[in-house]
Amino acid sequence: MVTSIRNGMPMTDTDGKVLHAHGAGFLEDNGFYYMFGEVREGDKRVACYRSRDLMTWEFRNVVLRLSSERKPYYVRTELDMDSKGRGANIERPKVIYCEKTKQYVMWMHYENGHDYNAACCAIATCDTPDGNYVYRGAFRPAGNMSRDCTIFKDKDGTAYFISTGRDNADMCVYRLSDDYMAIDEQVKALWPGQYREAPAVFERDGKYYMLSPMCTGWNPNQGGVSYANSIEGRWSAIENFGDAVTYNTQPTYVLKLGDNYIYVGDRWDPTDYDNSGYVFLPIFFDEDGKCSIEWQDEICFDMATKTYRTASAESNDVRIMTDEFTSYLASDGYDVFASRLSYKDERLIWNLLPKGNAFLLVNKRSGRALRNDGVMREVSGDTNMLWNIEEEDGGMRLVSCESGKALNARGRRIIISDKEDRFGRIRIVKAY
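No experiment lies behind these values; they were computed from the predicted model shown. (Residues numbered from 1 in each chain as written. Predicted model: local features only at pLDDT ≥ 70, side-chain atom pairs only at ≥ 80, totals over all residues. Heavy atoms only, no water.)

A. Spatial organisation of the overall build of the chain. Looking only at helices and strands, the chain features zero helices and 35 strands. Summarising its shape, the C-alpha atoms of the chain cover approximately 75 × 45 × 45 Å along the three principal directions. Here the chain holds 432 residues, and the buried ones make up 57% of them. Within the chain, contacts between residues separated by at least 24 positions form 49% of all contacts whose residues are at least 6 apart in sequence. When the accessible surface of the chain is split by element, carbon and sulfur atoms take 44% of a total near 18300 Å². (Helix = DSSP H or I, 4+ residues; strand = E, 2+ residues; numbered from the N terminus. Buried < 20%, exposed > 50% of the residue type's maximum accessible area, 1.4 Å probe, protein only. Contact = heavy atoms within 4.5 Å. Areas by Shrake-Rupley, 256 points an atom, 1.4 Å probe, with all protein chains shown as cover.)

B. Up close: the nonpolar core. In this structure, F36, L64, M81, M106, Y110 and Y133 are the most contacted members of the largest nonpolar core, which totals 25 residues. At the level of elements, strand 3 (32-41), strand 4 (44-51), strand 5 (58-65), strand 6 (88-98), strand 7 (103-112), strand 8 (120-126) and strand 9 (134-139) are the ones that each hand at least two residues to this core. Within the second largest apolar cluster, 24 residues are counted, among which are L19, F26, W57 and Y278. (Core = buried A, V, L, I, M, F, W, Y, C linked by side-chain atoms within 4.5 Å.)

C. Examining empty space enclosed by the protein more closely. Taken as a whole and assessed by the stated rule, the structure comprises two cavities of 30 Å³ or more. Volume-wise, the largest cavity comes out at about 80 Å³. Taken together, 16 residues line the largest cavity, and the ones lying closest to its centre are W218, N219, P220, T249 and Q250. Looking at the lining of the largest cavity residue by residue, the classes come out as six nonpolar, seven polar and three charged. (1 Å grid on protein atoms, 1.4 Å probe; cavity = no way out; pocket = protein on both sides within 12 Å on 5 of 7 lines; lining within 4 Å. Points joined across faces, edges and corners; volume = space filled by probe spheres on them. Nonpolar A, V, L, I, M, F, W, Y, C, P; charged D, E, K, R; others polar.)

D. Representation of the pattern of salt bridges. Scanning the entire structure with this criterion turns up 26 salt bridges. The shortest N-O distance in the salt bridge between E58 and R60 comes to 3.1 Å. Of the residues examined, E58 reaches a relative accessible area of 28% and is grouped as partly exposed. Residues participating in the shared-partner salt-bridge network are R50, E58, R60 and D130. (Salt bridge = Lys/Arg side-chain N within 4 Å of Asp/Glu carboxyl O.)

E. Structural view of the sheet that holds strand 9. The sheet built from four strands is open, its strands ordered 6-7-8-9 with antiparallel pairing. The open sheet has two free edges, formed respectively by strand 6 and strand 9, since each of these has just one partner strand. Sheet twist, expressed as the mean angle between neighbouring strand axes with direction ignored, is 20 degrees. Inspection of the sheet shows strand 7 paired to strand 8 by seven bridges, in the antiparallel sense. Across the sheet, residue Y104 finds its bridge partner in strand 8, namely C126. (Pairing = 2+ DSSP bridges. Axes fitted to C-alpha atoms, helices over the stretch in contact; angles between N-to-C directions.)

F. Up close: the sheet that holds strand 2 (residues 22-29). The sheet built from four strands is open, its strands ordered 2-3-4-5 with antiparallel pairing. The sheet terminates laterally at strand 2 and strand 5, the two strands that pair on one side only. Along the sheet, successive strands turn relative to each other by an average axial angle of 25 degrees, direction set aside.

G. Highlighting the environment of Y208. Along the chain, the position of Y208 falls in strand 15 (residues 207-213). Sequence-wise, Y208 and Y49 are 159 residues apart; in three dimensions their C-alpha atoms are separated by 28 Å. Apart from the residues lying within four places of it in its own chain, the contact partners of Y208 are F152, D154, F202, E203, S226, Y227, A228, N229, S230, I231 and W235. In this structure the side chain of Y208 is engaged in a polar contact, spanning 2.9 Å, whose partner is the side chain of D154. (Polar contact = N/O pair within 3.5 Å; in protein donor to acceptor, adjacent residues only side chain to side chain.)

H. Inspection of the state of the cysteines at higher detail. Inspection of every chain in the model, using the stated rule, returns zero disulfides. C172 takes part in no disulfide bond, and the closest cysteine sulfur to it belongs to C121, at a distance of 11 Å. (Disulfide = S-S within 2.5 Å.)

I. Seen up close, the environment of A330. Here A330 lies in strand 25 (residues 327-332). Taking the C-alpha atoms as reference points, A330 and R412, separated by 82 residues in sequence, lie 9.8 Å from one another. Setting aside its immediate chain neighbours within four residues, A330 contacts D335, V336, F337, S339, R347, L348 and W350.

J. Representation of the side chain of D269 within the structure. As for its position among the elements, D269 is in the loop between strand 19 (260-267) and strand 20 (277-285). Buried charge D269 goes without a salt bridge, the closest partner of opposite sign being K344 at 6.3 Å. The contact partners of D269, leaving out residues within four places of it in the chain, are N275, S276, L341, S342, Y343 and K344. (Lys, Arg positive; Asp, Glu negative; His and termini not counted.)

K. Region of interest: the packing of aromatic side chains. Applying the stated rule across the entire model yields 25 aromatic pairs. Taking the centre distance of 6.4 Å and the plane angle of 80 degrees together, the rings of F26 and F280 count as edge-to-face. Residue F26 is located in strand 2, and its partner F280 is located in strand 20; the two are separated by 254 residues in the primary sequence. Overall, F26 belongs to the buried group, its relative accessible area being 4%. Ring pairs connect the aromatic residues F26, W57, Y253, F280 and F301, which therefore count as one cluster. Here R50 stacks its cationic end above the ring of F32, 3.9 Å away from the centre of that ring. The lysine or arginine in question, R204, covers the ring of F285, its NZ or CZ lying 4.0 Å from the ring centre. (Phe/Tyr/Trp six-rings, centres within 6.5 Å; stacked < 30°, edge-to-face > 60°. Lys NZ or Arg CZ within 6 Å of the ring centre and 35° of its normal.)

L. Summary view of unusual backbone geometry. The backbone of K102 sits at a positive phi, close to 60 degrees, despite the residue not being glycine. Tracing the backbone through its elements, the reader meets K102 in the loop between strand 6 and strand 7. At N248, a residue that is not glycine, the phi angle is positive and equals roughly 55 degrees. When you line up the elements, N248 lands in the loop between strand 17 (239-241) and strand 18 (250-257). When its relative accessible area of 1% is taken as the criterion, N248 is described as buried.

Here it is as structure tokens:
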């Protein structure tokens, strides 16, 4: 029996199979929490799981397939989900229940199977939360491009579709029709030109929150949060949320548990989609309603009291982001190189070991330390292995105590060069 969620790890269902519900949305219905998310296997596109405790998840159905029944609605839509036999990408599915029609309505991001030029939203419906959904087609809302998206149902039953437009430059807010099947009106185009993605929206005590990271694809970045007194009102400027990489996650949903709010994020593995994990973190609020999250290794939910317990372990493990924050410092024995992020690759994990007022930079896999000539060697007390961490223009530099030169990355090549070189800027984040 599952007694807690280990954050950042892939999850398994009650049959012991890896749970695939990436970019997930959640629906509370008749005593169950339903989780809907991406699955990419054969013609499977959206999987559904359910749980009573948010920890033990039972697989229910692949609710949407490339071969699902198709039926047009009253807006002009593209019904060829299989894109002429080339497949399709379905991302970030979210489901809400419409009391007026007694239908479960799914909104999602649709792309054709060979590029990302479609930039559409899509709709599907079902009489039950975990049944076989009927595909209603894809279209561009109000004529706008639409990629990363979410859906939000307000307390009065009004529903909103929120998605990125104009090649992700804008965050667009649309009010839906009473049956949740069409765009009623575009009410906002937020933060034009700021390139946000992966929105998650929730309401607490009459205040509305929108979480979104910057637009960097698979690579995590500094998350942001904005506040408003109504969905259709004026939203605040974006403030930082989480650490420099949002604890290596990207938001997908915010769950309400009693008086508590739980941030749900994807931990994408850019080199292995199926290895991507999940993170559930409590959201904290100050007296002004400003919100924040802190890393927790594990979380356990108590449905009887609608509360949670967390646990975290202290660790010196870090990952070092370099080359303008898009690659990671790795070591393979004696060689150091810049690599794409992979959560299976221990070569990307380092220990910063204090030594006096400086640090040794020791690779966790090889056990060797980085010297100031860029070579890895067995750990010793030599001063050419000592590094200072200097803050610089929103980032940091690892600077050799002996030579005064900085760690530097260009492409996959690691060198040690003058501190003024712009490629020397790094970020050091916990490995989580």
